[in-house]
Amino acid sequence: MPNQQEINRTARISYKEQEKPREIFSIMPEDAIIRVEDLYKSYGPIEVIKGVSLTAKEHDVISLIGASGSGKSTILRCMNLLEIPTAGEIYISGKRLPLSEPKNGVRKITSEKELRAIRTSLGMVFQSFNLWSHLTVIQNIMEAPVRVLKKSKDEARANAERLLERVGISEKRDMYPSQLSGGQQQRVAIARTLALDPKVMLFDEPTSALDPEMVGEVLQVMRDLADEGRTMIVVTHEMGFAREVSNHVVFLDQGRIGEQGHPSQLFKSPQTENCQKFLSKVL
Ligand SMILES: Nc1ncnc2c1ncn2[C@@H]1O[C@H](COP(=O)(O)OP(=O)(O)O)[C@@H](O)[C@H]1O
Ligand SMILES: [Mg+2]
């Protein structure tokens, strides 16, 4: 087992080595996995998302960056209908999210079945790992495949074991989350999300709750997923990750897209004053 320093060092080295030009970001609607069109979200009288459109196609790794409160989490939460957009449409693989037209400003989910399918096809990883505390690591990973996908326990267990190996914590399989470090818990959370084989992985600041020495191990797992071609949308303050792993960066500014582009361009020469200011604070 490599120690933590080795893991961190490997992460850093491979970041540098990997100045691969990922595919150029394209916005051809026909090959989009997620398409967000003119999204608005208000909480009461306060509009927090003000007309955001973005598209992810297969293998894209899109980083959402921006100041706290700019609306990053809200956009992710609208994608899987943890929040109901006030206006705008979202398409997953061309299929429109099941939302009614607004009636007195309220939209409703029109199909619970479609909602479940969406939640399965979009895997979400949160800042706070949200593991089941009464289940062991392997049980946490097996739970949804057995309950939601109706897989047999044997099949779910075999798959969980493979995923645990992939995130490097096979030896923790029978422990409870409270017996694991934050970095290990987040890796379990990622494995749990992978167990449903989602079309897209949504990450909301997955390393923000971690002690600094554990950030590297989680970023490494995310990087491996990107290298495997997973489609990912990542809200992050890790600018190294955004710059080196993603192929498109979206800077959110008070509920709007302030600027977006390939990381090599956006980080080097941001065009807007607000993006320049933001980057000068975080870089
Ligand atoms: N459930 C809610 N009720 C009211 N306001 C909210 C709620 N969730 C988020 N907000 C507000 O929406 C804005 C955007 O929040 P959020 O999407 O969490 O931003 P970020 O993730 O970029 O920090 C913030 O001003 C926040 O206070
Ligand atoms: Mg947030």
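Residues numbered from 1 in each chain as written. Chains lettered and ligands numbered in written order. Predicted model: local features only at pLDDT ≥ 70, side-chain atom pairs only at ≥ 80, totals over all residues. Heavy atoms only, no water.

A. Expanded view of the layout of surface pockets. One number sums up the size of the largest pocket: a volume of about 670 Å³. Considering the residues around the largest pocket, the lining is formed by 19 residues, among which Arg119, Ala144, Arg147, Arg192 and Leu196 are closest to the centre. Listed by contribution, the elements that provide at least two residues to the lining of the largest pocket are helix H3 (112-121), strand E6 (122-125), helix H4 (137-147) and helix H6 (182-194). In terms of residue class, the lining of the largest pocket is made up of nine nonpolar, five polar and five charged. (1 Å grid on protein atoms, 1.4 Å probe; cavity = no way out; pocket = protein on both sides within 12 Å on 5 of 7 lines; lining within 4 Å. Points joined across faces, edges and corners; volume = space filled by probe spheres on them. Helix = DSSP H or I, 4+ residues; strand = E, 2+ residues; numbered from the N terminus. Nonpolar A, V, L, I, M, F, W, Y, C, P; charged D, E, K, R; others polar.)

B. Representation of the environment of Gly69. Here Gly69 is to be found in the loop between strand E3 (61-66) and helix H2 (72-79). Classification of Gly69 by relative accessible area gives exposed; the value is 73%. (Buried < 20%, exposed > 50% of the residue type's maximum accessible area, 1.4 Å probe, protein only.)

C. Region of interest: the pattern of salt bridges. Within the structure shown, the criterion is met by 17 salt bridges. Arg77 serves as the salt-bridge partner of Glu83, at 3.4 Å between the closest nitrogen and oxygen. Looking at Arg77, the relative accessible area reads 27%, which means it is partly exposed. The partner of Glu228 in a salt bridge is Arg166, and the shortest N-O contact between them spans 2.5 Å. Of this pair, Glu228 sits in the loop between helix H7 (212-227) and strand E8 (231-235) while Arg166 sits in helix H5 (residues 153-166), placing them 62 residues apart in sequence. With a relative accessible area of 46%, Glu228 lands in the partly exposed category. Sharing partners across several salt bridges, the network here consists of Lys41, Arg77 and Glu83. (Salt bridge = Lys/Arg side-chain N within 4 Å of Asp/Glu carboxyl O.)

D. View of the confidence of the model for the chain. On average, residues of the chain carry a pLDDT of 90, and 89% of them reach 70 or more. pLDDT under 50 marks residues 1-27. Its contacts with residues more than four places away, or in other chains, come to 43 contacts. (pLDDT = per-residue confidence, 0-100. Contact = heavy atoms within 4.5 Å.)

E. Representation of the site of ligand 1 in the model. Around ligand 1 sit Tyr43, Val48, Ala67, Ser68, Gly69, Ser70, Gly71, Lys72, Ser73 and Thr74, and that is every residue in its neighbourhood. Here Thr74 contributes a side-chain N or O atom positioned 2.5 Å from an oxygen atom of ligand 1. Look at ligand 1: alone it shows 560 Å² of surface, and the protein chains cover 57% of it. Sorting elements by how many residues they give to the shell around ligand 1 places H2 first, with three residues. Its residues placed into classes, the shell around ligand 1 shows three nonpolar, six polar and one charged. (Near = heavy atom within 4 Å. Polar contact = N/O pair within 3.5 Å; in protein donor to acceptor, adjacent residues only side chain to side chain. Areas by Shrake-Rupley, 256 points an atom, 1.4 Å probe, with all protein chains shown as cover.)

F. Up close: the sheet that holds strand E5 (residues 95-96). Pairing is antiparallel across the open sheet formed by four strands, whose spatial order is E2-E1-E4-E5. The open sheet has two edge strands with one neighbour each: strand E2 (46-57) and E5. Where strand E1 (residues 32-43) and E2 come together, nine bridges link them in antiparallel fashion. Counterpart to Leu39 in the pairing with E2 is Val52. Of the strands in this sheet, E1, E2 and strand E4 (87-92) are in contact with H2, which crosses E1 at around 120 degrees. (Pairing = 2+ DSSP bridges. Axes fitted to C-alpha atoms, helices over the stretch in contact; angles between N-to-C directions.)

G. Examining helix H10 (residues 273-282) more closely. Cys275, Phe278 and Leu279 are the residues of H10 that are buried. Each buried residue of H10 sits inside an arc of 95 degrees when the element is viewed along its axis, so together they form one side. Among the exposed residues of H10, those oriented more than 90 degrees off its buried face are Glu273, Ser280 and Lys281. Check the buried side of H10 and you find it contacts E3, helix H8 (239-245), strand E9 (248-253), strand E10 (256-261) and helix H9 (263-266). (Arc of directions from axis to C-beta.)

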